[in-house]
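Residue strings, one per chain:
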Amino acid sequence: MSLIHLYDTTLRDGTQAEEISFLVADKIRIAQKLDELGVHYIEGGWPGSNPKDIAFFKEVKKVSLKQAKIAAFGSTRRAKTTPEKDNNLRTLIEAEPDAVTIFGKTWDFHVREALRISGEANLELIYDSLAYLKQHVAEVFYDAEHFFDGYKANPEYAIDTLKAAQQAQADCIVLCDTNGGTLPHELPAILTEVKKHIQTPLGIHTHNDSECAVANSLMAVEHGIVHVQGTLNGFGERCGNANLCSIIASLQLKMGHQCLTEKQLQRLREVSRYVYELANLVPNPHQAYVGNSAFAHKGGVHVSAIQRHPETYEHIRPEQVGNVTRVLVSDLSGRSNVLAKAEQFNINLDSKDPVTMEILEKIKDLENKGYQFEGAEASFELLMRRALGSVKQFFSIIGFRVIDSKRHGEEKPFSEATVQVKVGGRIEHTAAEGSGPINALDNALRKALESFYPQVKDMRLFDYKVRVLPTGKGTASITRVLLESGDKNMRWGTVGVSDNIIDASYQALVDALQYKLLKDAEDE
Ligand SMILES: CC(=O)SCCNC(=O)CCNC(=O)[C@H](O)C(C)(C)COP(=O)(O)OP(=O)(O)OC[C@H]1O[C@@H](n2cnc3c(N)ncnc32)[C@H](O)[C@@H]1OP(=O)(O)O
Ligand SMILES: CC(=O)C(=O)O
């Protein structure tokens, strides 16, 4: 199978997404990751747009990339000037990239309305901008903006614009579904027609407005396209660009195209998450191939089958893209879920052991009360170990009291908690203040335990989520609290449920502390 060139535009079209903006340093770090992943071209930005993008092209020269080529993006020249005098083309050349990509108009409607010039003048813009760039830059790509809409409106003119790019010796002509409205079944006939007129290698650049960006890209490859543009995680203008993570995995694992090495493909999830991290966005758990839920099995029937053979409910082996199989526990679980979790936690449990059924019934009962263990595996492990009688009672709480007072309108509320903790035969009675009642309780619990277990100081709270369960009881509703705690070695999730938010938080805090002490004791 032919080599498909992967062209990443996360740093350009990706930053056209509403919530995304990268610092220059972040752009450089992402470029390095993309290079390690093995993409062939990295579009770094539009130097004619802003100083940050100019700085990127300066800075990227200082890092040594293993194999990726850096591309700069811009448009054809402005109508009222010549290529030599056009500011945008000048900045593209001054950026000294390995490749330049410029977009031009294909759709006669855009030529009329957006550029307000004649069709003939637009053909000249395309031709002389590309021909000029070819004299200065090693590789020049042409993005035929709105190609599919333009072709549907006026096929002859759309093909003429591509011919102008071909005549100017563009190295690749990229057909863009700029508005993202094209559907996969439309592509084969259009591509067959294009290939009758154009011998220059063809590329594809799609947007996801009809949720078909990846499908359109794959269909295009199936019909002879050799260069695929997209962004990591599908970041991009409006609904986003074609998600390169999905494209790479499908091309390589399902369509037989060697884009990356096997080892590089195994880093797909890591790179996807790295880009989320630098974009300051929470990863989409349901993202194909690389998401947390992509190989997470919840239904008991599924879990039972994957334990017999993973392919029964997994379309690829998750480790091929650096992901892992996960088994979830919920009220949709059967014994297989419990047994799979026991194995994960190194707990010996037999399917015929009555405790297995007891644990399963307990989970279903707790889920019915509002508990959820998918984000609270530490609470679930404690539940299992408690059912088996195999967890040490590091401490017990005799009681707690939380006071939250605001004595007059302008005063900041004051929160204080007292707890009584018993460890062995000793009772510790402590009080602590906090920013709000939960924080005060957290502080008091830790303070009480620290004299017995100094390692509690290392524990940090990373996330605190409260969900009001829909009972229709207003402020008397049941709340579920999910905590994410951690130390220098790991992170763990715990859960509490109550019609009293402080009690729900208390349960999750106590589980978090118990789990920390349990894991530290195991390590010792
Ligand atoms: C499909 C895509 O995603 S293309 C990429 C879109 N990305 C961006 O626009 C982000 C970066 N853009 C920018 O920073 C700015 O828009 C700039 C610096 C490029 C241009 O800024 P301005 O000069 O103020 O123009 P403005 O943003 O209003 O854009 C309209 C101008 O672009 C021109 N233009 C649009 N497309 C093209 C094209 N393919 N070739 C030549 N000129 C074009 C229009 O004719 C118009 O020029 P005019 O005002 O002289 O008639
Ligand atoms: C070039 C480009 O980004 C587009 O047509 O969507």
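Every chain is numbered independently, its residues counted from 1 as its sequence is written. As they are written, the chains are lettered A onward and the ligands numbered 1 onward, keeping that order. Local features in a predicted model are, by the rule used here, given only for residues with pLDDT of at least 70; side-chain atom pairs are given and counted only at 80 or more, and totals for whole chains, interfaces and linings are based on all residues. For side-chain calculations, the full set of non-hydrogen atoms in the structure is used, while hydrogens and water are omitted.

An unreviewed UniProt entry lists the protein chain under the name Citramalate synthase, with Syntrophotalea acetylenivorans given as the organism. UniProt positions are given in the numbering used here, feature names are shortened, and annotations may be inferred rather than shown by experiment. Here the protein chain is described in UniProt, under the heading Pathway (unreviewed entry), as follows: "Amino-acid biosynthesis; L-isoleucine biosynthesis; 2-oxobutanoate from pyruvate: step 1/3." Within the UniProt record for the protein chain, the comment given under Sequence similarities (unreviewed entry) is "Belongs to the alpha-IPM synthase/homocitrate synthase family."

1. Some remarks on a nonpolar patch on the surface
Each patch is assembled from residues with relative accessible area greater than 30% and no salt bridge, linking like charges that lie within 9 Å and nonpolar side chains (Val, Leu, Ile, Met, Phe, Trp, Tyr) that lie within 5 Å. To be clear on the numbers: accessible area is Shrake-Rupley with a 1.4 Å probe, and residue cover counts the displayed protein chains and nothing else. What counts as a salt bridge is simple: a side-chain nitrogen of Lys or Arg found within 4 Å of a carboxyl oxygen of Asp or Glu. Taken together, the side chains of Val 466, Val 468 and Ile 501 make up a nonpolar region of the molecular surface, amounting to roughly 230 Å² of accessible area. Type-normalised accessible area, obtained with a 1.4 Å probe on protein chains alone, sets the label of each residue: buried when under 20%, exposed when over 50%, and partly exposed for intermediate values. On the basis of relative accessibility, which here comes to 38%, the residue Val 466 falls in the partly exposed class.

2. Side note on the confidence of the model for the protein chain
For the protein chain, the mean per-residue pLDDT works out to 95, and 100% of the residues sit at or above 70. Across the whole predicted complex the pTM is 0.83, and at the interface the ipTM reaches 0.96. The pLDDT value expresses, per residue, how confident the predictor is, ranging between 0 and 100.

3. Thoughts on the packing of helix α13 (residues 300-308) against helix α14 (residues 335-344)
Interaxial angles span 0 to 180 degrees and are taken between N-to-C directions of axes, which are lines fitted to C-alpha atoms, for helices over the stretch in contact. In this text, helices come from DSSP runs of H or I with a minimum length of four residues, and strands from runs of E with a minimum of two, each type numbered from the N-terminal end. Where α13 meets α14, the axes come as close as 7 Å, and the angle between the chain directions of the two elements is 55°. Comparing their axes, α14 and α13 come out oblique. The interaxial crossing formed by α13 with α14 has left-handed handedness. Contacts from Gly 300, Val 303, Ser 304 and Gln 307 in α13 reach Ser 336, Asn 337 and Ala 340 in α14. Note that Gly is not counted as nonpolar here; it falls among the polar residues with everything else outside the nonpolar set of Ala, Val, Leu, Ile, Met, Phe, Trp, Tyr, Cys and Pro and the charged set of Asp, Glu, Lys and Arg. Class assignment of the residues belonging to the contact of α13 with α14 gives a composition of two nonpolar, five polar and no charged. Should an angle lie under 35 degrees it is considered roughly parallel, over 145 roughly antiparallel, and from 65 to 115 roughly perpendicular; all remaining angles are considered oblique. By convention, the crossing between two helices is left-handed when the near helix turns anticlockwise from the far helix through less than a right angle, and right-handed when the turn is clockwise. By the convention used here, residues are in contact when the closest approach between their heavy atoms is within 4.5 Å.

4. Considerations on the pairing of strand β1 (residues 5-8)
By the convention used here, strands pair only if DSSP detects at least 2 bridges between them. Sheet analysis places β1 next to strand β8 (residues 227-230), joined by four bridges and oriented parallel. The partner of Asp 8 across the bridge, within β8, is Gly 230. Inspection of the sheet shows β1 paired to strand β2 (residues 41-45) by two bridges, in the parallel sense. Residue pairing across strands places Asp 8 opposite Ile 42, the latter belonging to β2. Handedness of a crossover is defined as follows: with both strands directed away from the viewer, a clockwise route from the first strand across the helix to the second makes it right-handed. Handedness of the crossover joining β1 and β2 through helix α1 (residues 24-37): right-handed.

5. Focus on helix α8 (residues 187-197)
Buried residues of α8: Leu 187, Ile 190, Leu 191 and Val 194, and no others. The buried residues of α8 occupy one face: seen down the axis, they fall within an arc of 95°. In α8, the exposed residues that point more than 90 degrees away from the buried face are Ala 189 and Lys 196. Arc definition: directions from the helix axis to the C-beta atoms.

6. Examining the site of ligand 1
We call a residue near a molecule or strand as soon as one heavy atom of that residue lies within 4 Å of the molecule or strand. Ligand 1 sits among 17 residues. The nearest are Gln 16, Ser 49, Thr 76, Arg 78 and Glu 145. Any pair of N or O atoms that falls within 3.5 Å is considered a polar contact. Within protein, one atom must be able to donate a hydrogen and the other to accept it, and sequence-neighbouring residues count only if both atoms are side-chain atoms. One of the side-chain nitrogen or oxygen atoms of Arg 78 is found 3.1 Å away from an oxygen atom of ligand 1. With respect to ligand 1, the backbone of Phe 103 contributes an N or O atom lying 3.3 Å from a nitrogen atom. Here ligand 1 has 1,000 Å² of accessible area as a free molecule, and 56% of this is covered by the chains. Looking at the shell around ligand 1, the elements that each hand over two or more residues are β3 (69-75), β4 (99-105) and α4 (108-115). Top contributing element to the shell around ligand 1 by residue count: β4, with three residues. Split into classes, the residues belonging to the shell around ligand 1 amount to five nonpolar, seven polar and five charged.

7. Description of the sheet that holds strand β15 (residues 479-486)
Here three strands make up an open sheet; going across it, the order is β14-β15-β16 and the pairing antiparallel. Two strands lie at the open edges of the sheet, namely β14 (460-468) and β16 (491-498), each paired on one side alone. Direction aside, neighbouring strands of the sheet carry axes that sit 15° apart on average. Pairing geometry for β15 and β16, over eight bridges, is antiparallel. Directly across from Glu 484, in β16, lies its bridge partner Gly 493.

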